[in-house]
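# Chain and residue survey
Residues per chain are reported as follows:
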Amino acid sequence: MKIAFIGTGLMGFPMAKNLLEKSLDLNVFSRTIEKAKPLEKFGAKISNSLSEAIKDVDVVITMLTDDDAVEKVLNDQDFQENLKKESTVVDMSSIKPKIAIKYGNLLKGKGINFLDAPVSGGTIGAEQATLAIMVGGDQKVFDQVKDILNFMGNPTLVGPIGSGQVSKLANQIIVGVTIGAVAEAITLCEKAGVDGNKFIKALAGGFADGKILQNHGKRMIDKDFSPKGKVSTHLKDMNNILECAGDFNTQLPISNLIKDMFKSLVENGNDNDDHSALYKEIERRNKN
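My aim in this report is to walk through the structure given alongside it, one point at a time. The numbering scheme is per chain: residues are counted from 1 as the chain's sequence reads. The predicted origin of the model limits local features to residues at a pLDDT of at least 70 and limits the giving and counting of side-chain atom pairs to 80 or more, whereas totals for whole chains, interfaces and linings rest on all residues. Hydrogens and waters are ignored; side-chain quantities use all the structure's heavy atoms.

Here the focus is the overall build of the chain. Each helix is a run of DSSP H or I of at least 4 residues and each strand a run of E of at least 2, with the numbering of both proceeding from the N terminus. Helix and strand counts for the chain stand at 14 helices and nine strands. Overall size of the chain, expressed as C-alpha extent along the three principal axes, is 65 × 45 × 35 Å. Throughout, exposure labels follow a simple rule: accessible area from a 1.4 Å probe, protein chains only, divided by the maximum for the residue type, with under 20% read as buried, over 50% as exposed, and the rest as partly exposed. For the chain, the proportion of its 288 residues judged to be buried stands at 49%. Contacts were defined at the residue level, with two residues in contact if any of their heavy atoms lie within 4.5 Å. Long-range contacts, defined as pairs at least 24 residues apart, comprise 64% of the intrachain contacts of the chain with a sequence gap of at least 6. The Shrake-Rupley method, run with a 1.4 Å probe sphere, supplies the accessible areas, and residue values consider only the shown protein chains as cover. By element, 51% of the accessible surface of the chain is carried by carbon and sulfur atoms, the whole surface being about 13800 Å². Neither His nor the chain termini are counted; the positive set is Lys and Arg, and the negative set is Asp and Glu. In plain terms, the charge of a residue is placed at NZ if it is Lys, CZ if Arg, CG if Asp and CD if Glu. Of the side-chain charges in the chain, 36 are positive and 37 negative, and the distance between the mean point of each set is 2 Å.

Following this line, the structure appears as structure tokens:
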């Protein structure tokens, strides 16, 4: 199969690299060509335009920042007109479910397959090819590209188009709320004079143990908020979660609280911090 990979940011770059390490035939395009150039040494063909990247390819993978970035690509006339008939577009970005459904229907009308396949696992998961990949779409289409997705992580078909994005939003509820819980636990330990590192060690193997406690808890103790998953990105996710919940007349009070905390971080200039910076927001509230 010939594959095009669109978007080589924090997540897209290592994901594309993993495909290249399996010796796949890969065209790569990024709005900032310099971000894609380093992939040349791994065998990527760097394209100068979107239409050049997708011409005559069987599978197009997009890994873009947000709804607007995805719409700019999927709604682009050159993009739509240069897609090969019966090819498959796999959007691995995190966007609103209704946008995935919109373009799934639009592309289907043009004889193009579509899967929404957002991921969880952050940059570490992207680098180690251990991403959780939540896929929405038809079983037949999923089966055709599953081997490619396996090179980037662990794909699961969760339902029709849009289901991948709903699953990702549900995932982000758990991640956001858990980061907040860990931030409060670390804060309480520090205020009470408990060694945070020993606290995390003490919980190992217990009911409260987990990746977020082990990884993000350590980052909070070390005050290391260099971005792996950005505050601004998680705020976008929380807004999408609440909009999606509203579409189903559903209240999510804890998600509302976490959204407000991420919003406050952005308003206080912490938008590019790692989302473990919820610790900073709790610290800020304790100073007021």
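Take the buried residues of types Ala, Val, Leu, Ile, Met, Phe, Trp, Tyr and Cys, join any two whose side-chain atoms come within 4.5 Å, and each joined set is a nonpolar core. Phe5, Met15, Ile61 and Met92 are the most contacted members of the largest nonpolar core, which has 55 residues in total. At five residues, the largest contribution of residues to this core is made by helix H8 (residues 139-150). Setting aside chain neighbours within four positions, we find methionine 15 in contact with Phe5, Met63, Met92, Val119, Ala126, Leu131 and Met152. Counting residues in hydrophobic clusters, the runner-up holds 27 residues, among them Val175, Ile200, Met238 and Ile241.

Think of it this way: DSSP has to see at least two bridges between two strands before they count as a pair. Here strand E8 (residues 131-136) pairs with strand E9 (residues 153-159) via six bridges, running parallel. Bridge pairing in E9 links leucine 131 to glycine 153. Call a crossover right-handed when, viewed with both strands pointing away from you, the route from the first strand across the helix to the second goes clockwise. Read from E8 through H8 to E9, the crossover connection turns out right-handed.

Now for helix H4 (residues 67-74). Listing the buried residues of H4 in full gives Asp67, Ala69, Val70, Val73 and Leu74. End-on, the buried residues of H4 take up no more than an arc of 165°, which puts them together on one face. Seen from the buried face of H4, the exposed residues on the opposite side, beyond 90 degrees, are Asp68 and Lys72. With a side-chain oxygen lying 3.3 Å from the backbone nitrogen of aspartate 68, the N-terminal cap of H4 falls on aspartate 66. The arc in question is the one traced by the directions running from the helix axis out to the C-beta atoms. Two N or O atoms count as a polar contact when they lie within 3.5 Å, although within protein this holds only if one can serve as hydrogen donor and the other as acceptor, and sequence-adjacent residues are included solely when both atoms are side-chain atoms.

With that out of the way, let us pick up the packing of helix H9 (residues 163-191) against helix H13 (residues 253-267). To obtain each axis, a line is fitted to C-alpha atoms, and for helices this fit is confined to the stretch in contact; angles are then taken between N-to-C directions over 0 to 180 degrees. Between H9 and H13, the shortest axis-to-axis distance is 10 Å and the interhelical angle comes to 65°. The orientation of H9 with respect to H13, classified from their angle, is roughly perpendicular. The element H9 and its partner H13 pack so that their crossing is left-handed. Listed contacts from H13 to Ile173, Gly176, Val177 and Gly180 of H9 are Ile254, Ser255 and Ile258. Charged means Asp, Glu, Lys or Arg here, nonpolar means Ala, Val, Leu, Ile, Met, Phe, Trp, Tyr, Cys or Pro, and polar covers whatever is left, Gly included. Its residues assigned to classes, the contact of H9 with H13 comprises four nonpolar, three polar and no charged. With respect to orientation, any angle under 35 degrees is reported as roughly parallel, any angle over 145 as roughly antiparallel, any angle of 65 to 115 as roughly perpendicular, and every other angle as oblique. Put simply, a crossing is left-handed when the front helix is turned counterclockwise from the back one by less than a right angle, and right-handed when it is turned clockwise.

For aspartate 56, which is not glycine, the phi torsion reads 65° and is therefore positive. Even without a glycine there, the phi angle at glutamate 86 is positive, about 65°. Tracing the backbone through its elements, the reader meets glutamate 86 in the loop between helix H5 (77-82) and strand E5 (88-91).

Here the aromatic set is Phe, Tyr and Trp, taking the six-membered ring for Trp, and pairing holds for ring centres within 6.5 Å; pairs whose planes are under 30 degrees apart are stacked, those over 60 apart are edge-to-face, and all others are tilted. Throughout the structure, instances matching the rule amount to one aromatic pair. Judged by centre distance (6.2 Å) and plane angle (25°), the rings of phenylalanine 225 and tyrosine 279 are stacked. Within this pair, whereas phenylalanine 225 is found in the loop between helix H11 (211-222) and helix H12 (231-247), its partner tyrosine 279 is found in helix H14 (residues 278-287), the two being separated by 54 residues in sequence. The pair phenylalanine 225 / tyrosine 279 is uniform in exposure class, with both members buried.

Everything listed is a geometric property; what it means functionally is a separate question.
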